[in-house]
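Report on the structure
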Amino acid sequence: MRAVFFRDGEVEVREIEEPAGEGVRVRVRSTGICGSDLHMLEMKSPLGCVVGHEVAGVLDDGTPVVVEPSMPCGECPSCRSGDYNLCPAGAGQSLGVGRDGGMADVVRVPPGCLVHLPSNLNVRDACLVEPMAVVVHGLQRAGLEGGQRVAVIGGGAIGLCAVAAARASSATVGLSARYDHQAALGRSLGAGGIEGLYDLVVDCAGTEKAVITAVKLCRPRGKLLVLGTHWSGLPLPQVLVMMKEITVVSSFMYASNGAVRDFDVAAMLLSRQPALARGLITHRFPLAQAQQAFAVARDRKAGAIKVVLEP
Ligand SMILES: [Zn+2]
Ligand SMILES: [Zn+2]
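What you see is a predicted model; the values in this text were computed from it and never measured.

1. Topic: the overall build of the chain
- Helices and strands together make up the secondary structure of the chain, namely 10 helices and 16 strands.
- Computed over its C-alpha atoms, the radius of gyration of the chain comes to 19 Å, within 12% of the 19 Å expected for a compact globule of 311 residues.
- Along the longest, intermediate and shortest principal axes, the C-alpha atoms of the chain span 60 × 45 × 40 Å.
- Summarising the internal contacts of the chain: among those between residues at least 6 apart in sequence, 69% fall at separations of at least 24.

2. Some words on the nonpolar core
- Ranked by internal contacts, the top residues of the largest apolar core, which has 97 residues, are Val129, Met132, Val152 and Ala162.
- By residue number, the principal contributor to this core is helix H4 (residues 157-168), which donates 9 residues.
- No fewer than three residues from each of domain 1 (2-131 + 255-310) and domain 2 (143-250) sit in this core.
- In contact with Val152, other than residues within four places in its own chain, are Gly159, Ala162, Val163, Val173, Leu175, Ala191, Val202 and Cys204.

3. Thoughts on the environment of Lys223
- Relative to the elements of secondary structure, Lys223 occurs in strand E11 (residues 218-226).
- Judged by C-beta crowding, with 21 C-beta atoms within 10 Å, Lys223 ranks as buried.
- For the pair Lys223 and Glu245, spaced 22 residues apart in the sequence, the C-alpha separation amounts to 8.9 Å.
- Excluding residues within four positions of it along the chain, Lys223 makes contact with Ala142, Asp199, Leu200, Ile246, Thr247 and Val249.

4. Some remarks on the pairing of strand E15 (residues 281-286)
- When E15 meets strand E16 (residues 306-310), the two strands line up parallel, connected through 5 bridges. Residue pairing in the sheet places Ile281 in a bridge with Lys306 of E16.
- Tracing the backbone out of E15, into helix H10 (residues 290-298) and back to the parallel element E16 gives a crossover that is right-handed.

Definitions and cut-offs
Residues numbered from 1 in each chain as written. Chains lettered and ligands numbered in written order. Predicted model: local features only at pLDDT ≥ 70, side-chain atom pairs only at ≥ 80, totals over all residues. Helix = DSSP H or I, 4+ residues; strand = E, 2+ residues; numbered from the N terminus. Rg over C-alpha atoms; globule rule 2.2 N^0.38 Å. Contact = placed C-beta atoms within 7 Å. Core = buried A, V, L, I, M, F, W, Y, C linked by C-beta atoms within 7 Å. Buried ≥ 20, exposed ≤ 12 C-beta atoms within 10 Å, placed from the backbone. Domains from an automatic or database assignment. Pairing = 2+ DSSP bridges. Right-handed = clockwise from strand over helix to strand, strands pointing away.

Just geometry here; none of it tells us what the structure is for.
Written out as structure tokens, the structure is:
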């Protein structure tokens, strides 16, 4: 089968043996390119495994599924309480990070990673469930309530998912996006411009400028939810944070809330708003054209929001 690897900052499609042994065989139908994939590529990380953690596909009997890529141990206190994103063993073992991911014809995963799709969510769009689950978990961590005013900083896939999820909770949402095509999609999802102060500001850009803007937009005793990844530390204007008594909320991946997984909520949100997947997935490439796909994903000015590989 074919699979995508990174080597010295280059994207390579290689022919490898199909994975055998334990786990369930998933024939991949869509894998999203994530900002963290681009980061690993640019850092020339020595990633020994197949890339890809935003993965949807079909089982051998035709059942469409999305794959939850975390590999928690299932036994530590965090796992037992349902907060398996905090499992010390899990994060480094994730699909596409510590073990072979989904930019391949086939991926083999433990049965616990499989999440069934609502009937009206197309498997070709279902790779979006993973980034949406990041948003669902973050908004839940921030205690979002209906009727609140929410500002989203950053118009990439995470920012636009945050707009959609906050609107679905009947929040009033303002979006600050760098590019026109992002702002246009935000408007179609119900976001207005930025005006006044907000109960909750969500950093989905991961830049210093975004954090400073976010703190300015927070109302006194408001919350700042950091969904962007600040690889070299969070550049927080602490005096302003202190003077407004802002609560800074962190969030990592996704987990479950009782019996309901963040992935289930994310799949439901996407199934209810077909316009979201239509707008977010701007490019689709066959697996063989992975190099071109990554080149498009890197070039935000070219109009890419989510670039998807389809084996
Ligand atoms: Zn991702
Ligand atoms: Zn654990």
